[in-house]
Amino acid sequence: QKTKEGFLGKLTRAVAGKSTVDEEVLDNLEEALVSADVGIDTTVKIIDRIEKRVAKDKYLGTTELNRLLQEEIEALLVEAPDQGYKDFELPGGKKPYVILVVGVNGVGKTTTIGKLAHQFKRAGKSVLLGAADTFRAAAVDQLTIWSERVGVPIVKKEMGADPASVAFDAVNSAVAKGVDVLLIDTAGRLHNKAHLMDELSKIRRVIQKVIPEAPHDVLLVLDGSTGQNAVEQARHFTAATQVTSLAITKLDGTAKGGVVLAIADQFKIPVRFIGVGEKAEDLLVFDRHEFVDSLFKL
Amino acid sequence: MFESLSERLETAFKQVKGQGRITDLNVAATVKEIRKALVDADVNYKIAKEFTDKVKDKATGEKVINAISPGQLMVKIVKDELAGLMGGEASELVLKGNPAVILIAGLQGSGKTTFSGKLANYLKLKKGKSPLLVAADIYRPAAIDQLKVLGGQIGVDVYSEPDTKDAVQIARNAVKEAHSKNKNVVIIDTAGRLAVDEAMMAEVAAIKDAVQPQEILFVVDSMTGQDAVNTAKVFNDRLDFGGVVLTKLDGDTRGGAALSIRYIVDKPIKFVSSGEKLDTLDVFYPERMAQRILGMGDITTLVEKA
Ligand SMILES: Nc1nc2c(ncn2[C@@H]2O[C@H](COP(=O)(O)OP(=O)(O)OP(=O)(O)O)[C@@H](O)[C@H]2O)c(=O)[nH]1
Ligand SMILES: Nc1nc2c(ncn2[C@@H]2O[C@H](COP(=O)(O)OP(=O)(O)OP(=O)(O)O)[C@@H](O)[C@H]2O)c(=O)[nH]1
Ligand SMILES: [Mg+2]
Ligand SMILES: [Mg+2]
């Protein structure tokens, strides 16, 4: 990877000695963005904005273009309304704070829960896990190992149990124990399967029987190597469970996760976390600036 | 989706309606639309470019039949070209050797363990084999349990060594076990790994060296985006795999990664996986995949009528 010329390197060559952004620069920009999974429509939108800014601000050189790019792309990423989870702090006054974790198969939901539990615990919070994936082979065992690894309790039932009833028990237990945060794992499901999406809506309703304003956060986990289908995932999961945050996983690979630009722009959902490995500590609070920067790194 | 691509192509061709042939001039705008459709389907940007350039050469000079519009003719050319590219020679699973050893590899969460179960089920029921599943993922929490649950569901034995922290040794021992238990196929499920993880890539290469598998399958999530080319290339450089398995096709992704991978490593897609249950394993139909990538219904009938 490192031997390939970076986008900014190409950009520098393309604009060297020129006073305007020409076709070649824009083509390079298009290639860099599309190759990062930003998608054609969002890429075109970004390029339009750059062209307008350049016309207005008088384009000077690579440094300025780089800054314009950063600004315009960052502007697409909505800022979290409450600056949530900075240093893994929880928004105050809601106890237990209930986080429902959803997403398609294999994106990293269970692992993200393990990592979150680790971070919250380190930040001095008491944590409870709810194993509402009773479907995938050994899903409960997997979450149980995470609960042991991190040292937090878990509410679980046997495989095949009604996931909504596990969620119900977990919320009740969280209230009874007075924990700070409850993390509920759910089975992976493809968003085009209506009955499975209905099951999620049901889990949500059951949680609300115990705590009417819960879940306080519905975290949609997206695999960073997923392409444009992630937009559909966001659309359908939002419809079923009112997604309030995103986590992007597997960004320790070569994939860039650029599709979240389109998602953040269309659905105004903030990205909260990124996954950068398989260990408990491999979770970071999302940083817009760093993310945009990484889109152009090879 | 087909409607929209087809409509967009018609618009692109509008100025030239009535002309009998596709020309350099009128093909340019269409090629741009097709390229956009491919990239929207997650075909790699560069590959979409190369591919449409080829299509352009092919299409130029084609005679437009009365019953079919230039836009539809272009779609047909693109689709046939796509299907051709992804089809080619028939690609059976390699089952030579006794036992035949099949190594399963791929990124995290792509569907390797589930596919291993499906393949064992298929070989047992459809090919009369007696397979042994091998849990060579020593990293993921409950990876062994997961494979055991699947093995239990289909009545296939699972070989594991819960206390061994050496995947190569587990794989080697499993093949010995297969010999002594008269199993004629060994399916080795490995941990998910990123192409940039040097230690993990070396591990899977070492498993290959140790057990000399007759077949290596690269399992890839059909929702994968632009990065599919990087991953496929690195895995292929390391393992020289024999085929690709495309998973989660029961979703609504267009699956352009399939084209990218075929283009970059030129290995056949041997199976598609389309569900969480163990009986949802299918053979690959290039034609259907081409239509899916283009987001279109079946236009072959329409063209044949012409
Ligand atoms: N490299 C890397 N791997 C990750 C990351 N997050 C999760 N994984 C791996 O991805 C695989 C799937 O993770 P899970 O947490 O089981 O995913 P899930 O969404 O719970 O899966 P299902 O419950 O089966 O839908 C595992 O092998 C994890 O170790 C990450 O940030 N980086
Ligand atoms: N809908 C659907 N889900 C699938 C398919 N194949 C696998 N899955 C699901 O995807 C998730 C991940 O599958 P696994 O088989 O655990 O993937 P893996 O590659 O072994 O994961 P790691 O070992 O963690 O790298 C699970 O929830 C599976 O049930 C498929 O074809 N369709
Ligand atoms: Mg899970
Ligand atoms: Mg596995």
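Our subject is the structure listed above.
Residues numbered from 1 in each chain as written. Chains lettered and ligands numbered in written order. Predicted model: local features only at pLDDT ≥ 70, side-chain atom pairs only at ≥ 80, totals over all residues. Heavy atoms only, no water.

*Asks:* Describe the packing of helix α8 (residues 194–210) of chain A against helix α9 (residues 229–241) of chain A, with residues and values.
*Replies:* Two numbers describe a pair of packed helices, the interaxial angle and the distance between the axes. Residues and elements named next belong to chain A. With their axes 8 Å apart at the nearest point, α8 and α9 run at an angle of 40° to one another. Classified by the interaxial angle, the pair formed by α8 and α9 is oblique. Seen from above, α8 lies across α9 with right-handed handedness. Side by side, α8 and α9 meet where Met197, Leu200, Ser201 and Arg204 of the first sit next to His236, Phe237, Ala240 and Thr241 of the second. (Axes fitted to C-alpha atoms, helices over the stretch in contact; angles between N-to-C directions. Helix = DSSP H or I, 4+ residues; strand = E, 2+ residues; numbered from the N terminus. Parallel < 35°, antiparallel > 145°, perpendicular 65-115°, else oblique. Left-handed = near helix turned anticlockwise from the far one by under 90°. Contact = heavy atoms within 4.5 Å.)

*Asks:* Got a sec to walk through unusual backbone geometry? Specific residues and values, please.
*Replies:* Of note, the amide linkage connecting Ala214 of chain A to Pro215 of chain A takes the cis form, showing an omega dihedral of -10°. Tracing the backbone through its elements, the reader meets Pro215 of chain A in the loop between α8 and β5 (217–223). Look at the link from Asn98 of chain B to Pro99 of chain B: it is a cis peptide, with omega at 0°. When you line up the elements, Pro99 of chain B lands in the loop between α4 (70–86) and β1 (100–106). One non-glycine residue with positive phi stands out, namely Ala138 of chain A, at about 60°. Looking at the secondary structure, you find Ala138 of chain A in the loop between β2 (127–132) and α6 (139–150). Given a relative accessible area of 4%, Ala138 of chain A falls into the buried group. One non-glycine residue, Gln212 of chain B, adopts positive backbone phi at about 45°. Looking at the element boundaries, Gln212 of chain B is found in the loop between α8 (198–211) and β5 (215–221). (Buried < 20%, exposed > 50% of the residue type's maximum accessible area, 1.4 Å probe, protein only.)

*Asks:* Got a sec to walk through the site of ligand 1? Specific residues and values, please.
*Replies:* Lys109, Thr110, Thr111, Arg136 and Glu278 of chain A are the nearest of the 24 residues found near ligand 1. Residues lining ligand 1 come from chains A and B. Between ligand 1 and the protein, one listed contact pairs an oxygen atom with a side-chain N or O atom of Lys109 of chain A at 2.7 Å. With respect to ligand 1, the side chain of Gln108 of chain B contributes an N or O atom lying 3.5 Å from a nitrogen atom. Computed on the free molecule, ligand 1 has an accessible area of 660 Å², of which 96% lies beneath the protein chains in the complex. When residues of the shell around ligand 1 are assigned to their parent elements, the largest contribution, four residues, is made by helix α5 (residues 109–122) of chain A. Split into classes, the residues belonging to the shell around ligand 1 amount to four nonpolar, 12 polar and eight charged. (Near = heavy atom within 4 Å. Polar contact = N/O pair within 3.5 Å; in protein donor to acceptor, adjacent residues only side chain to side chain. Areas by Shrake-Rupley, 256 points an atom, 1.4 Å probe, with all protein chains shown as cover. Nonpolar A, V, L, I, M, F, W, Y, C, P; charged D, E, K, R; others polar.)

*Asks:* Give a description of a negative patch on the surface that names residues and reports values.
*Replies:* Residues and elements named next belong to chain A. A contiguous patch of negative charge, built from Glu23, Asp27, Asp48 and Glu51, is present on the exposed surface. Of all elements in the fold, only α2 (23–35) and α3 (40–57) reach the threshold of two or more residues within the negative patch. Topologically, Glu23 is positioned in helix α2. (Patch = residues over 30% accessible without salt bridge, like charges linked within 9 Å, V, L, I, M, F, W, Y side chains within 5 Å. Salt bridge = Lys/Arg side-chain N within 4 Å of Asp/Glu carboxyl O. Lys, Arg positive; Asp, Glu negative; His and termini not counted. Charge placed at Lys NZ, Arg CZ, Asp CG, Glu CD.)

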